[in-house]
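Coordinate inspection notes
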Amino acid sequence: MFLDIEDILNGDHVDQEVSIRGWIHRTRSSGSIVFAVLRDPTGIVQVTVKKGNVAEEKFQDAKNALVESSLAITGTVHEDDRAPGGYEIRANDVKVYDFAEAYPITKDMSEEWLRENRHLWIRSQRMTAIMKIRSTMTGAIHEFFRELEYHEFTPPILQPNQCEGGSTLFEVKYYDSKTYLSQTWQLYAEAMIFSLGKVYDMSPTFRAEKSKTSRHLTEFWMAEMEAAWLTYLDVIEIAKDEVKYIIMRILEENEKELKFLEVDIENLKTMVEKEWPTITYTEGLQMLKEKDGMDVEWGKDLRTIEEIAITKHFDTPVAVIQYPKEAMAFYKPIEENAQAPGPVAKCFDMLATDGTEIVGGSERDTDLKALIDSLEAEGEDIANYDWYLDLRKYGSIVHSGYGLGVERVLAWICGLDNIKDAIAFPRTMNRFKP
RNA sequence: GCCGUCGUAGCUUAGUGGUGGAGCGGCUGACUGUUAAUCAGCAGGUCACAGGUUCAAAUCCUGUCGACGGCGCCA
C-alpha cells in the first residue's frame, strides 16, 4: 500500500514505516548518502538512502538514478528541519521502475524550450498547480449551472457557417465538401433553449485569428450559457455570480497551489464579497476622457489600451454594456432605452482587473427582418442561416447568453503573464506541437 | 495584415572583423546531512539555413526558415 506524499507532509506518519512511489525531482549524493527529492501528484518529499541501510545494489541504484526516474521507497518517516517541507523518509528499501535518461529540462530554461517540451514541463510544480486549479474551475462551472437547474448541452464542433463576424475559421475537409471548426456554440444553443430552456456547456473553440499575443489561443475552451426569457441585464448578473463562484471554489480547494503561484489570496477573498460594477460604453468613454485624457471617438470599439485604462479605476472586474451597434455582430439587438449619441446594442463585455476580456455576451435579436438586414450588411449569404432564421418563426422569445474564456479567467485568477500556461498543450498561430 | 525582438554545445549564454569561451546538465573519481551541494578530470560546436562583401565572417549585407512579443481583432 502506497501513501500519497501529501499524507507524509501532514505529519501523521512520523516514526512509522511507509511506502511511497513517484519520480525523482532532485537528487544529489555525498559519498555514502543519497538525497533524493521524490515527487508525486500530491507533493514532494526528501528521501535519504544511506550506504549500509539498504542492500549495496539498491544503494547503487539510488545513486545512479537520474532526475525523473520512477521509483518506490519504503522507509521510516522522520521530522527533520534540514529536509524541505520538514519531513524526510529514511529508506530501507528502494525499487527503481525505470532509470530515466538525462532529463532535458534543467535549471535554465527558455520559454521556447519549455513549450517545445511541454509534454515534460507539465510535470513541473508550477504547471501541476495550474492544472489542479483548472480542474477545480471547470468542475465549479458545472456545479454553478447545475445548481441553477441548467442543462448541459453539447454542440456540434463541425459547423457549416460562422457566427462571430470577423473571426476567421479553421476549414475542415468534409468528404467532398467543406465545413468549419466551431468558433461558438451560440447558434445551436439558441435552438436548444426552445427545448431545454436554460443550457450551458464547456467546449473547445477554434479561431484562426492572426493574433500573436499573450492573450490568444487558436484552440481554447469556452464556457457558455443561453437562457430563454432572460435579458442581457439578467445574464450579466449570472456572469458575475459565475466568476465569483469559480474564485470561491478555487479558494476552498487550491490554497496550496495559489500560494505556490504567489497569488494574492486576500485580494481574491475580498473580490468575491464586493459588488462588481456595470457601466455603459458611453460612460466608459467619459471616464477615459476625464481621468485618463484619452479621447476616443464614439462608435469605435474599445481597444486593449483603453480597456486596461478603464479597469485601472476598479478593484474588481467590471461589466461594460451597450457598445455601439455598428461595431457588433449581427445577432445583437438595438437597445432603445439607452442614453447614448448613437444606436447601441444589448450586449456586454466583462473586463478583468488586468484589462483582459473574460466574458462577452448579449441579448439575441428576435426581429427576423433586423437579422436579415444585419447579415446582408455584413455580406453574408442568407441561405447559410436559414435554419437559424427559422428560430424566429416558431414561437420566438427574448433570450440571452454569454461565453466565458476558461483560459482567460484561469490566467487572470492565477496571475499568469501568458495564457499559454493556462492550458496543458497550447495551440497558437505558430505552434500546434506537442 | 502591420510593427518589433531573437536564433552560438542537450540547456542558459559570453563573444561586433583576426585560433569559438563559460555555467548548468552528462560521464569518471572523491566526499556520511545535502538543500537545483562541493572538489578534480573528461566528452560535447554545420555559430538556424543559403548567398554575398572581405586577405579573413558567429560578427557586416541580402534573402529564407523558425521562435517570441506588440498593434488590430477577440474569450
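About the thresholds
The numbers attached to residues start from 1 for each chain and follow its sequence in the written order. Numbering of ligands from 1 and lettering of chains from A proceed in the order in which they are written. Per-residue local features of the predicted model are confined to residues with pLDDT of at least 70, and side-chain atom pairs are confined, for both listing and counting, to 80 or more; whole-chain, interface and lining totals are unaffected and use all residues. Think of the side-chain values as coming from all heavy atoms in the structure, minus any hydrogens and water. Secondary structure elements are defined from DSSP: runs of H or I of at least 4 residues count as helices, runs of E of at least 2 residues count as strands, and each element is numbered from the N terminus. To sort residues, take the accessible area from a 1.4 Å probe on protein chains only and compare it with the maximum for the residue type: under 20% means buried, over 50% means exposed, and anything in between is partly exposed. By the convention used here, residues are in contact when the closest approach between their heavy atoms is within 4.5 Å. Each accessible area is a Shrake-Rupley estimate made with a 1.4 Å probe; only the visible protein chains count as cover when residues are assessed. Pairing between strands requires that DSSP locate at least two bridges from one strand to the other. A score from 0 to 100, pLDDT tells how confident the predictor is in each residue. Interaxial angle, 0 to 180 degrees, is taken between N-to-C directions of lines fitted to C-alpha atoms, where a helix line uses only the stretch in contact. Only a single heavy atom is needed: when it lies within 4 Å of a molecule or strand, its residue is near that molecule or strand. Counting of polar contacts relies on pairs of N or O atoms within 3.5 Å, with two restrictions inside protein: one atom must be capable of donating a hydrogen and the other of accepting it, and residues adjacent in sequence are counted only when both atoms are side-chain atoms. Gly is put with the polar residues, along with every residue not named as nonpolar or charged; the nonpolar set is Ala, Val, Leu, Ile, Met, Phe, Trp, Tyr, Cys and Pro, and the charged set is Asp, Glu, Lys and Arg. In this analysis, rings of Phe, Tyr and Trp, with Trp reduced to its six-membered ring, are considered paired at centre separations within 6.5 Å, and the interplanar angle assigns stacked below 30 degrees, edge-to-face beyond 60, and tilted for intermediate values. Just so you know, the domain bounds were taken from an automatic or database domain assignment. Here's the idea: put two parts together, see how much 1.4 Å probe accessible area each one loses, and the total over both is what we call buried area. Salt bridges are counted wherever a side-chain nitrogen of Lys or Arg sits within 4 Å of a carboxyl oxygen of Asp or Glu. Excluding any residue in a salt bridge, patches collect residues exceeding 30% relative accessible area, merging like charges within 9 Å and nonpolar Val, Leu, Ile, Met, Phe, Trp and Tyr side chains within 5 Å. Small angles under 35 degrees read as roughly parallel and large ones over 145 as roughly antiparallel, with 65 to 115 read as roughly perpendicular and the rest as oblique. In this scheme, a crossing is called left-handed if the near helix is turned counterclockwise away from the far one by less than a right angle; it is called right-handed if the turn is clockwise.

With that settled, consider the overall build of chain A. Assigned secondary structure in chain A consists of 14 helices and 18 strands. Taking the principal axes of the C-alpha coordinates as reference, chain A spans close to 85 × 55 × 40 Å. Looking at chain A as a whole, 50% of its 434 residues are labelled buried. By sequence separation, contacts in chain A at least 24 residues apart represent 66% of the contacts at least 6 residues apart. Total accessible area computed for chain A in this model is approximately 21100 Å², and 48% of it derives from carbon and sulfur atoms.

A separate point is the pairing of strand β8 (residues 171-174). Across four bridges, the pairing between β8 and strand β9 (residues 177-181) is antiparallel. Opposite Y174, over in β9, you have S177 as the bridge partner. As consecutive antiparallel partners, β8 and β9 are separated by two residues, and within that stretch Y175 has a phi angle of approximately 50°, a positive value.

Quick look at the confidence of the model for chain A now. Overall, the predicted model of chain A reaches an average pLDDT of 92, with 99% of residues at or above 70. Put simply, helix α3 (residues 111-116) is where chain A has its lowest mean pLDDT, 86, and strand β6 (residues 151-152) is where it has its highest, 98.

This paragraph deals with the sheet that holds strand β2 (residues 33-40). In spatial order, the strands read β1-β2-β3-β5-β4; together these five strands close into a barrel with mixed pairing. Within the sheet, the average angular offset between the axes of one strand and its neighbour, ignoring direction, is 55°.

Another aspect to go through is the environment of A223. Within the element layout of this structure, A223 appears in strand β11 (residues 219-228). Considered as a pair, A223 and M109 are 114 residues apart in the sequence and their alpha carbons are 33 Å apart. In this structure A223 touches I141, D201, M202, E242, Y402, G403, L404 and V406, once residues within four positions along its chain are discounted.

The next point concerns the protein's contact with RNA strand B. If you check the shell around RNA strand B, you find 53 residues, and the closest are R82, D108, S110, E357 and R408. A breakdown of the atoms of RNA strand B within 4 Å of the protein gives sugar and phosphate a share of 51%. A distance of 2.2 Å separates a phosphate oxygen of RNA strand B from a polar side-chain atom of S110. Residue N418 places a side-chain N or O atom 2.5 Å away from a phosphate oxygen belonging to RNA strand B. When residues of the surface near RNA strand B are traced back to their parent elements, those giving at least two are β1 (17-29), β2, β3 (43-50), β5 (87-98), α3, β11 and β17 (357-363). In terms of residue class, the surface near RNA strand B is built from 14 nonpolar, 16 polar and 23 charged.

All chains considered together, the criterion is met by 14 aromatic pairs. Here the aromatic cluster, defined as three or more aromatic residues joined through ring pairs, consists of Y188, F330, Y331, Y385, W387 and Y388.

So, on to the domain arrangement of chain A. The extent of an interface is frequently quoted as the accessible surface area lost upon association of the parts. By domain assignment, chain A separates into domain 1 (5-98) and domain 2 (118-422). If you average the C-alpha positions of domain 1 and of domain 2, the two centres end up 47 Å apart. Counting from both sides, the interface comprises eight residues of domain 1 and, opposite them, five residues of domain 2. Approximately 460 Å² of surface area, both sides summed, lies buried where domain 1 meets domain 2, with 36% of it carried by carbon and sulfur atoms. Its largest share of buried area at the contact with domain 2, domain 1 owes to R39, P41 and E68, together 55% of the area lost on that side. The interface formed by domain 1 and domain 2 contains two salt bridges. As a salt-bridge pair, E6 and K256 come within 3.7 Å of each other at their nearest N and O atoms. On inspection of domain 1 and its partner domain 2, the count reaches three residue pairs in polar contact (both at pLDDT 80 or more).

With that settled, consider unusual backbone geometry. With an omega dihedral of -10°, the bond running from K433 to P434 counts as a cis peptide bond. Following the sequence through the fold, P434 ends up in the segment after α14 (406-414). At D15, a position not held by glycine, the phi torsion is positive, near 70°. Located in the positive-phi region is W229, a residue other than glycine, with phi close to 75°. Its place among the elements puts W229 in the loop between β11 and α7 (232-253).

Let us now look at the pattern of salt bridges. A complete count under the given rule lists 28 salt bridges for this structure. Between E68 and R123 there is a salt bridge; the shortest N-O distance is 2.8 Å. With E68 in the loop between α2 (56-64) and β4 (70-79) and R123 in the loop between α4 (118-121) and α5 (125-147), this pair connects stretches of sequence that are 55 residues apart. Shared partners join several salt bridges into a network, and the residues in it are D80, R82, E88 and R90.

Moving on: α14. Within α14, eight of the nine residues are buried, leaving the element largely enclosed by the surrounding structure. Among all positions of α14, only V406, E407, V409, L410, A411, W412, I413 and C414 are buried. Positive backbone phi, approximately 70°, marks G415, located one or two places after α14.

What follows concerns a nonpolar patch on the surface. Taken together, the side chains of L158, Y174 and Y175 make up a nonpolar region of the molecular surface, amounting to roughly 360 Å² of accessible area. Assignment of secondary structure puts Y174 in strand β8. Given the relative accessible area of 41%, Y174 is considered partly exposed.

In contact at an axis separation of 9 Å, α5 and α7 are set at 135° when each is read in the N-to-C sense. One way to sum up the angle between α5 and α7 is to call them oblique. Seen from above, α5 lies across α7 with right-handed handedness. Residues I133, T136, M137, A140, I141, E143, F144 and F145 of α5 lie in contact with α7, whose contacting residues are I238, D241, E242, Y245, I246, R249, I250 and E253. Its residues assigned to classes, the contact of α5 with α7 comprises 10 nonpolar, one polar and five charged.

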